[in-house]
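Now for the letters of each chain:
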Amino acid sequence: MSALLSMFSRQGIVWLFMVCCLALSACTAGRQGPSVVAPGPVSDEQAASVWAAYNAYAEAREAEEGPYRIGVSMRIGQEGDTRRVTGVVWSNGETPRASRASGESGALGADPAVFGPVRLDVMAGFGTVVARLRESPGEFMAFSPRENRAVTYTGRGRVRLNMGLPAPFGLRDLSALLRGRFHEVFGRAGNGRALGVHDGNVTYALEGNERAGTLELRPDGLPVRWREQGERGWSMELDYAGDSAGSETGDPLPRTLRLVDAQGRSAVVLVKKREQPAQHFTADQLALKLPPGVRIEPVREGR
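Residues numbered from 1 in each chain as written. Predicted model: local features only at pLDDT ≥ 70, side-chain atom pairs only at ≥ 80, totals over all residues. Heavy atoms only, no water.

**Considerations on the overall build of the protein chain**
Scanning the protein chain from N- to C-terminus turns up 6 helices and 17 strands. In the protein chain, which comprises 303 residues, the share counted as buried stands at 52%. Within the protein chain, residue pairs in contact and separated by at least 24 positions form 61% of the contacts whose partners lie at least 6 positions apart. Element-wise, carbon and sulfur atoms account for 50% of the exposed surface of the protein chain, whose accessible area totals about 13400 Å². (Helix = DSSP H or I, 4+ residues; strand = E, 2+ residues; numbered from the N terminus. Buried < 20%, exposed > 50% of the residue type's maximum accessible area, 1.4 Å probe, protein only. Contact = heavy atoms within 4.5 Å. Areas by Shrake-Rupley, 256 points an atom, 1.4 Å probe, with all protein chains shown as cover.)

Below, the structure written as structure tokens:
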């Protein structure tokens with residue numbers, strides 16, 4: 001068991017969210033592994049129809065603007081040694097239109113590097129905050145009040161959360177997945193090559209990006225399973241359970257994300273509550289200000 005998970009077990013805190021990892025762009029390039037191909041041939045018409053539904057869902061999510069706050073429960077570890085914590089993800093939910101209106105350059109739909117600050121507070125026990133995280137374009141910071149310790153990063157790389165080894169997603173990706181903005185994580189038009197169909201779900205190959213692997217979509221275009229290409233071997237299953245709270249169109253939104261790596265370590269994220277605040281969060285609310293005397297370390301680079 002890694003030192004990270006041992007520390008997690010001894011102290012009962014979520015230091016794994018603090019020991020993040022810098023992932024340089026295209027870090028998965030060259031890690032070729034076998035794709036999991038769904039059984040059964042798929043027609044070009046069916047493949048195009050399901051991918052079109054995926055893009056239509058993406059357009060509906062892009063049209064939803066405004067601040068959000070999502071309460072989650074997270075169970076992390078491996079069989080026989082897991083810990084449960086809770087968390088709150090929040091942001092002003094900038095979209096391409098909101099970015100242009102505020103005078104920012106670029107657009108989320110065209111440039112995934114452009115987005116508003118995303119915050120996550122992680123709590124254990126009776127609501128005790130054990131980690132505070134913030135990600136914005138080119139910047140990342142995580143702070144542990146109990147350890148009086150912070151890790152920071154500034155640059156063009158991507159910072160992933162760590163689940164005992166570098167997880168496939170960062171904070172901003174987690175936020176996007178919870179809000180159904182799958183296109184911001186897996187890409188959009190022209191990105192998927194159909195591999196097969198099973199029980200009406202079509203599996204596509206994702207190639208040429210950081211999420212290289214396979215993506216399985218329901219007939220209505222919603223992702224139900226993603227498998228990572230390469231030796232890390234992460235997989236993720238998504239459950240919707242009719243959860244449409246927080247969706248202006250009434251479309252289902254993810255209720256559960258289940259991540260498992262090749263060694264059996266897992267993270268289950270369950271959405272407990274979705275809120276759409278009437279007022280935008282202020283810059284001070286979205287900031288992560290460190291108290292005096294905090295030990296600051298750089299995010300380590302690796303996989």
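Moving on from the coordinates now.
**What to know about the packing of aromatic side chains**
What the rule picks out here adds up to 7 aromatic pairs. Measuring from centroid to centroid gives 4.8 Å for tryptophan 51 and tyrosine 204, while their planes differ by 55 degrees, and the two rings are tilted. Of the two residues, tryptophan 51 sits in helix H2 (residues 44–62) while tyrosine 204 sits in strand S10 (residues 201–206), which places them 153 residues apart along the sequence. Seen in terms of ring centroids, tyrosine 57 and phenylalanine 182 are 5.8 Å apart; in terms of plane orientation they differ by 15 degrees. Their pairing is stacked. In this pair, tyrosine 57 sits in helix H2 while phenylalanine 182 sits in the loop between helix H4 (171–178) and helix H5 (183–186), placing the two residues 125 residues apart along the sequence. Feature note: the residues Trp51, Tyr54 and Tyr204 constitute an aromatic cluster, connected by ring pairs. Stacked on the ring of tyrosine 57, the Lys or Arg arginine 61 has its end atom at 4.4 Å from the ring centre. (Phe/Tyr/Trp six-rings, centres within 6.5 Å; stacked < 30°, edge-to-face > 60°. Lys NZ or Arg CZ within 6 Å of the ring centre and 35° of its normal.)

**Things to note about the pairing of strand S11 (residues 213–217)**
The side chains of a regular strand alternate between the sheet's two faces. Burial analysis of S11 places 5 of its 5 residues in the buried class, the great majority of the element. Judged from the 5 bridges that link them, S10 and S11 form a sheet pairing that is antiparallel. Bridging across to S11, leucine 206 finds its partner in glycine 213. Taking the residues between adjacent antiparallel strands as the criterion, S11 and strand S12 (residues 223–228) are bridged by 5 residues, where glycine 221 takes a positive phi near 90 degrees. (Pairing = 2+ DSSP bridges.)

**What about the confidence of the model for the protein chain?**
With 73% of its residues at a pLDDT of at least 70, the protein chain reaches an overall mean of 78. Confidence over residues 1–16 falls short of pLDDT 50; this stretch has 39 contacts with residues more than four positions distant or in other chains. Below pLDDT 50 for its whole length, residues 96–110 participates in 24 contacts with residues either more than four positions away or in separate chains. (pLDDT = per-residue confidence, 0-100.)

**Points about the pairing of strand S6 (residues 139–144)**
Sheet analysis places strand S5 (residues 128–136) next to S6, joined by 5 bridges and oriented antiparallel. The residue bridging glutamate 135 from the neighbouring strand is phenylalanine 140, located in S6. Where S6 meets strand S7 (residues 149–154), 6 bridges bridge the pair, whose relative direction is antiparallel. Bridged to glutamate 139 within S7 is threonine 154. The antiparallel hairpin formed by S6 and S7 contains 4 residues in its connecting segment, where asparagine 148 sits at a positive phi of about 50 degrees.

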